[in-house]
Amino acid sequence: MPDYRSIVILTGAGISAESGLATFRGPDGLWEGHRVEDVCTPEALARNPALVHRFYDERRAKLAEVKPNPAHAALARLEREWNGDLLLVTQNVDDLHERAGCSQVLHMHGELLSALCARCGESWRWGTSLPPGSVCPACGSGALRPDIVFFGEMPYEMERIDAALRNCDLFVSIGTSGAVYPAAGFVQTARYVGADTLELNLDPSAGSVYFSESRMGRAGELVPQWVEEVLGG
């Protein structure tokens with residue numbers, strides 16, 4: 001195992017699927033029975049706020065029924081025990097990384113357990129239902145919405161992610177489809193600066209060709225094995 005000094009890890013829906021959460025888009029093009037266009041765009045929120053708010057209320061309730069799996073636990077162990085720089089970026093909006101023990105997680109697509117004020121931009125921890133018209137504690141407007149990055153909106157902290165990718169010597173992608181940008185382009189940025197690139201996935205992703213190494217299998221098995229390799233030197 002090379003002596004890495006900086007690792008960037010990207011996790012996607014595949015790591016949470018093993019805990020029982022539905023992947024973002026199933027083979028039938030639906031997410032939990034809904035068209036993505038009906039629940040995950042600014043236009044959908046404006047057109048039918050009751051549906052969008054109810055949809056994320058249901059996802060929030062489902063999240064309370066599941067728990068982290070061995071892949072989440074292994075990444076928390078890596079955070080605790082590895083001495084180099086580590087940035088864990090997730091496309092997932094659940095809190096399974098945090099519940100497994102990770103304290104530094106960048107949610108580029110937002111979080112289910114957060115509400116965002118569309119008027120003043122403040123965000124708040126939010127673990128209960130969020131009906132349309134919920135009042136922002138900061139500005140008093142009834143403009144709270146799910147703190148989810150919808151299609152057509154800019155993911156969070158892209159400058160920080162890009163800087164980390166350009167400074168890393170290992171990029172690892174876990175459980176991602178490789179089809180959703182900008183995350184799908186992270187591997188190319190890492191390759192450009194000469195970093196090693198590793199894919200851990202159930203099946204080859206759309207970007208498998210860009211990785212210097214790909215390992216196929218369940219995240220709950222592959223991730224603990226890889227973390228053991230890193231910590232074992």
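Not measured: the values here are computed from a predicted model.

Asker: Run through the pattern of salt bridges, naming residues and quoting values.
Answerer: Any two side chains of opposite charge can pair if their charged atoms end up close together. For the structure shown, the criterion picks out 16 salt bridges. Between E111 and R125 there is a salt bridge, with its nearest N and O atoms 3.1 Å apart. Highlighted residues: E111 in strand 6 (residues 110-117) and R125 in strand 7 (residues 123-125), separated in sequence by 14 residues. On the basis of relative accessibility, which here comes to 56%, the residue R125 falls in the exposed class. In this structure, R160 engages E157 in a salt bridge whose closest nitrogen and oxygen atoms are separated by 3.4 Å. Among the residues examined, E157 registers a relative accessible area of 42% and is labelled partly exposed. In the salt-bridge network here, residues are joined through shared partners; they are R35, D38 and R47.

Asker: So what's going on with the state of the cysteines? Which residues, and what values?
Answerer: Within this structure, the stated rule accounts for zero disulfides. Looking at C168, it has no disulfide partner, and the nearest cysteine sulfur is the one in C102, 18 Å off.

Asker: Which residues make up the sheet that holds strand 6, and what values do they have?
Answerer: Taken in spatial order, the three strands make up an open sheet running 7-6-8, and their pairing is antiparallel. Of all the strands in the sheet, the pair left with one neighbour each is strand 7 and strand 8 (144-148). Adjacent strand axes in the sheet meet at a mean angle of 40 degrees when their direction is disregarded. Here strand 6 runs beside strand 8; their pairing, made up of four bridges, is antiparallel. Paired with G110 across the bridge in strand 8 is I148. Those strands touched by helix 4 (residues 49-63) are strand 6 and strand 8, and its axis lies near 140 degrees from that of strand 6.

Asker: Describe the domain arrangement of the protein, and please don't skip the residues or the numbers.
Answerer: Examined at the domain level, the protein breaks down into domain 1 (1-21 + 68-109 + 149-233) and domain 2 (23-65 + 110-148). Relative placement of domain 1 and domain 2: their C-alpha centres are 25 Å apart. Between domain 1 and domain 2, the residue contacts involve 19 residues of the former and 21 residues of the latter. For the pair domain 1 and domain 2, the summed buried surface comes to about 1,600 Å²; carbon and sulfur atoms form 63% of the total. On the domain 1 side of the interface with domain 2, the three residues burying the most area are V93, F150 and F151, jointly 44% of the side's total. Connecting domain 1 to domain 2 are one salt bridge.

Asker: Go over the pairing of strand 4 (residues 85-90) with me, naming the residues and quoting the values.
Answerer: Pairing geometry for strand 1 (residues 6-11) and strand 4, over six bridges, is parallel. Across the sheet, I9 pairs through a bridge with L88, a residue of strand 4. Bridge count between strand 4 and strand 5 (residues 105-107): three bridges; the pairing is parallel. Its bridge partner lying in strand 5, V89 is registered against L106.

Cut-offs applied
Residues numbered from 1 in each chain as written. Predicted model: local features only at pLDDT ≥ 70, side-chain atom pairs only at ≥ 80, totals over all residues. Heavy atoms only, no water. Salt bridge = Lys/Arg side-chain N within 4 Å of Asp/Glu carboxyl O. Helix = DSSP H or I, 4+ residues; strand = E, 2+ residues; numbered from the N terminus. Buried < 20%, exposed > 50% of the residue type's maximum accessible area, 1.4 Å probe, protein only. Disulfide = S-S within 2.5 Å. Pairing = 2+ DSSP bridges. Axes fitted to C-alpha atoms, helices over the stretch in contact; angles between N-to-C directions. Contact = heavy atoms within 4.5 Å. Domains from an automatic or database assignment. Buried area = accessible area lost by both parts, 1.4 Å probe.

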